[in-house]
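# Close look at the chain arrangement
Given next are the chains, with one letter for each unit.
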Amino acid sequence: MAETADIIVVGAGIIGLNTAFQIALRTQARIVVLDKGKGPGEGSTGASSAVCRFKYSYDEMVLLAKHGVGAYQQWADYTKLKDPRAQFHKHGMLWLANASAVQTESEAERLAGLGIRATVLDDQELRTRFPSLNPCLLPPDLETGEPHDCSGGGRHLLELDAGYVDPMDALQDMIDACRKRGISVRFNTAVVDVEIRSNRVVSVSLADGSVIACDALINAAGPWCNRLAEMAGYALNWSLKPTRIQVVHLDRPAEVVGDIPITCDVPGGIYFRTQNRGQQLIVGSILEEDEQEEVADPDNFARYVDDDYARLKLHALQHRIPSLTYRGVQGYSGLYTVNREDVHPVIGESEIERLFVVNGCSGHGFKLAPALGAVLAALVTKAGREDDPLVSPQFLALTRKSITLSEKSVLA
Ligand SMILES: Cc1cc2nc3c(=O)[nH]c(=O)nc-3n(C[C@H](O)[C@H](O)[C@H](O)COP(=O)(O)OP(=O)(O)OC[C@H]3O[C@@H](n4cnc5c(N)ncnc54)[C@H](O)[C@@H]3O)c2cc1C
């Protein structure tokens, strides 16, 4: 006899695990999470920079980020684990952008109105807090790395409560948290087919030939989401593209002194943060042009970092941290699932009854995962919770119109 479950979640990335966990907080449903990977972290989440910041163009996104980041900040409470692995490394998020003093002040006020603590620094205050950072807002020569006469006088926004988490620790904690609530989380378990009858999901077939019948199915397959959609035979009005994203990492030399915040460096087109107890730096891109390399097969793409990419990003980093010397430079690539229409996730029930999606998280899915999990869990179970995000599910709904944005990149 076929195994049965009430709800199957396909994908044990940060999104699928949070969704399953949130459903278990609301119902007694038998939930099974299936993942084709040999272990955690083989999808986008394993490669994530896991920056947890708040500033987005739309207030709804700020509130979703606030909810998600809040979970990471109170991780033991959220996961209900006594001794979770993941720690929230609070370093703040510094925005170096060519905005006027008035614009920067008004952004800080907007964030404050949404409950986000932010302050505005002048160059001197920036140097006092972060002595290794150059406050110059002129664009560096990325090709040659030739220094220029730096110029100051900007006003810089600092989100005080931003930070980052080790994504592998977060995944392992979520697996423990799910299992503790009776959810079955299985690896080495690829879904290879989905049976639909009378426009309703009935079961999934696994690579070993077994079948699990279910009442509801959730597509949390990250960059593989379109493959699952093909198996089930539904189409979305959204184009969700697995996209190669490169990250450079290097040792942090002793000359780079003091605290280094997570930094969004608009003139240089990069973001960076520390990792490994501050001993390393990782550098990625904030540019739309670096989010264009679509990947036909998410199981097969170049995992290394291109030399050219590393050169440009290191030149930008050198401009921002003049005392930097390059040591131990390496890199890797992972996949965003970029929603080409508006780089925001899509959430909701597909045209097939009881088949739900939470896909297209682009470069935002790590910080948003606890919030997106709660939004979808409320839709699936029709049971809200007091601590659910204060954002209408319509904001990211499958049925929405594209969100209008000036920047279709991770900055959104
Ligand atoms: C380089 C990089 C940097 C990033 N930086 C940040 C950041 O700083 N902040 C932030 O908020 N976000 C960031 N992101 C984005 C964020 O990491 C992703 O949005 C998020 O991890 C997506 O999670 P997911 O669970 O949807 O996908 P995944 O982690 O890819 O999980 C999907 C899972 O589905 C499984 N699966 C797929 N198909 C099947 C199948 N048929 N059967 C069974 N299992 C299946 C896969 O094995 C996989 O484990 C970054 C991403 C990358 C790549």
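Up top is the structure these notes are about.
Residues numbered from 1 in each chain as written. Predicted model: local features only at pLDDT ≥ 70, side-chain atom pairs only at ≥ 80, totals over all residues. Heavy atoms only, no water.

## Quick word on the overall build of the protein
Helices and strands together make up the secondary structure of the protein, namely ten helices and 19 strands. For 412 residues, the compact-globule formula gives about 22 Å, and the C-alpha radius of gyration of the protein, at 21 Å, lands near that figure. Taken along its principal axes, the extent of the C-alpha atoms in the protein is 75 × 45 × 40 Å. Classification of the 412 residues of the protein by burial places 55% in the buried group. Contacts in the protein between residues at least 24 apart in sequence constitute 78% of all its contacts with a sequence separation of at least 6. For the protein, the exposed area adds up to about 17000 Å²; of that, 48% sits on carbon and sulfur atoms. In the protein, which carries 41 positive and 53 negative side-chain charges, the distance between the mean positions of the two groups comes to 5 Å. (Helix = DSSP H or I, 4+ residues; strand = E, 2+ residues; numbered from the N terminus. Rg over C-alpha atoms; globule rule 2.2 N^0.38 Å. Buried < 20%, exposed > 50% of the residue type's maximum accessible area, 1.4 Å probe, protein only. Contact = heavy atoms within 4.5 Å. Areas by Shrake-Rupley, 256 points an atom, 1.4 Å probe, with all protein chains shown as cover. Lys, Arg positive; Asp, Glu negative; His and termini not counted. Charge placed at Lys NZ, Arg CZ, Asp CG, Glu CD.)

## Brief notes about the site of the ligand
Near the ligand, the surroundings consist of 37 residues, among which Asp35, Ser44, Thr45, Val51 and Lys367 are the closest. Ile14 places a main-chain nitrogen or oxygen 3.3 Å from an oxygen atom of the ligand. Measuring from an oxygen atom of the ligand, one finds a side-chain N or O atom of Ser48 at 2.9 Å. Across the complex, the protein chains shield 96% of the 1000 Å² of accessible surface that the ligand would expose by itself. Split by residue class, the shell around the ligand holds 19 nonpolar, 15 polar and three charged. (Near = heavy atom within 4 Å. Polar contact = N/O pair within 3.5 Å; in protein donor to acceptor, adjacent residues only side chain to side chain. Nonpolar A, V, L, I, M, F, W, Y, C, P; charged D, E, K, R; others polar.)

## Points about the environment of Val338
Mapped onto the elements, Val338 comes out in strand 17 (residues 330-339). According to the relative accessible area criterion, Val338 is buried, its value standing at 0%. With 23 residues separating them in the primary sequence, Val338 and Cys361 have C-alpha atoms 6.7 Å apart. Apart from residues lying up to four places away in sequence, Val338 is in contact with Ser239, Leu240, Lys241, Thr243, Val343 and Ser362.

## Remarks on the packing of aromatic side chains
The tally for this structure, following the rule as stated, stands at five aromatic pairs. Here Trp75 and Tyr78 contribute two aromatic rings whose centre-to-centre distance is 5.7 Å and whose plane-to-plane angle is 25 degrees, an arrangement assigned as stacked. Placement of both Trp75 and Tyr78 in helix 4 (residues 75-79) is noted, with a separation of three residues, approximately one turn of the helix. A residue is classified by how much of its surface remains accessible, and Trp75, at 3% relative accessible area, is buried. (Phe/Tyr/Trp six-rings, centres within 6.5 Å; stacked < 30°, edge-to-face > 60°.)

## Considering the sheet that holds strand 13 (residues 240-251)
Sheet architecture is open: eight strands sit in the order 6-7-5-14-15-16-13-17, paired in mixed fashion. Whereas interior strands pair on both sides, the edge strands pair on one side only; in this sheet they are strand 6 (118-121) and strand 17. Shown here is a sheet whose adjacent strand axes are inclined to one another by a mean of 25 degrees, direction ignored. Relative to strand 7 (residues 156-159), strand 6 is paired through four bridges, and the arrangement is antiparallel. Bridged to Leu121 within strand 7 is His156. (Pairing = 2+ DSSP bridges. Axes fitted to C-alpha atoms, helices over the stretch in contact; angles between N-to-C directions.)

## A short note on helix 1 (residues 14-24)
Burial of helix 1 is extensive: eleven of the eleven residues sit out of reach of the surface. Turning to helix 1, its buried residues number three or more, namely Ile14, Ile15, Gly16, Leu17, Asn18, Thr19, Ala20, Phe21, Gln22, Ile23 and Ala24.

## Observations concerning the pairing of strand 2 (residues 31-34)
A regular strand places its side chains so that they alternate between the two faces of the sheet. Because side chains alternate across strand 2, one face comprises the buried residues Ile31 and Val33, and the other comprises Val32 and Leu34, equally buried. One ladder, built from four bridges, connects strand 1 (residues 3-10) with strand 2; its direction is parallel. Bridge pairing links Val10 to Leu34 in strand 2. Handedness of the crossover joining strand 1 and strand 2 through helix 1 is recorded here as right-handed. (Right-handed = clockwise from strand over helix to strand, strands pointing away.)

## As for the pattern of salt bridges
Close approach of charged atoms lets side chains of opposite charge pair. Under the defined criterion, the tally for this structure stands at 26 salt bridges. Arg227 is paired through a salt bridge with Asp299; the nearest N and O atoms lie 3.4 Å apart. One end of the pair, Arg227, is in helix 8 (residues 225-232); the other, Asp299, is in the loop between strand 16 (280-285) and helix 9 (307-320), with 72 residues separating them in the sequence. Salt-bridge contacts for Arg244 lead to Asp306; the nearest nitrogen and oxygen are separated by 3.1 Å. Of the two residues, Arg244 sits in strand 13 while Asp306 sits in the loop between strand 16 and helix 9, which places them 62 residues apart along the sequence. For Arg244, a relative accessible area of 3% translates into the label buried. (Salt bridge = Lys/Arg side-chain N within 4 Å of Asp/Glu carboxyl O.)

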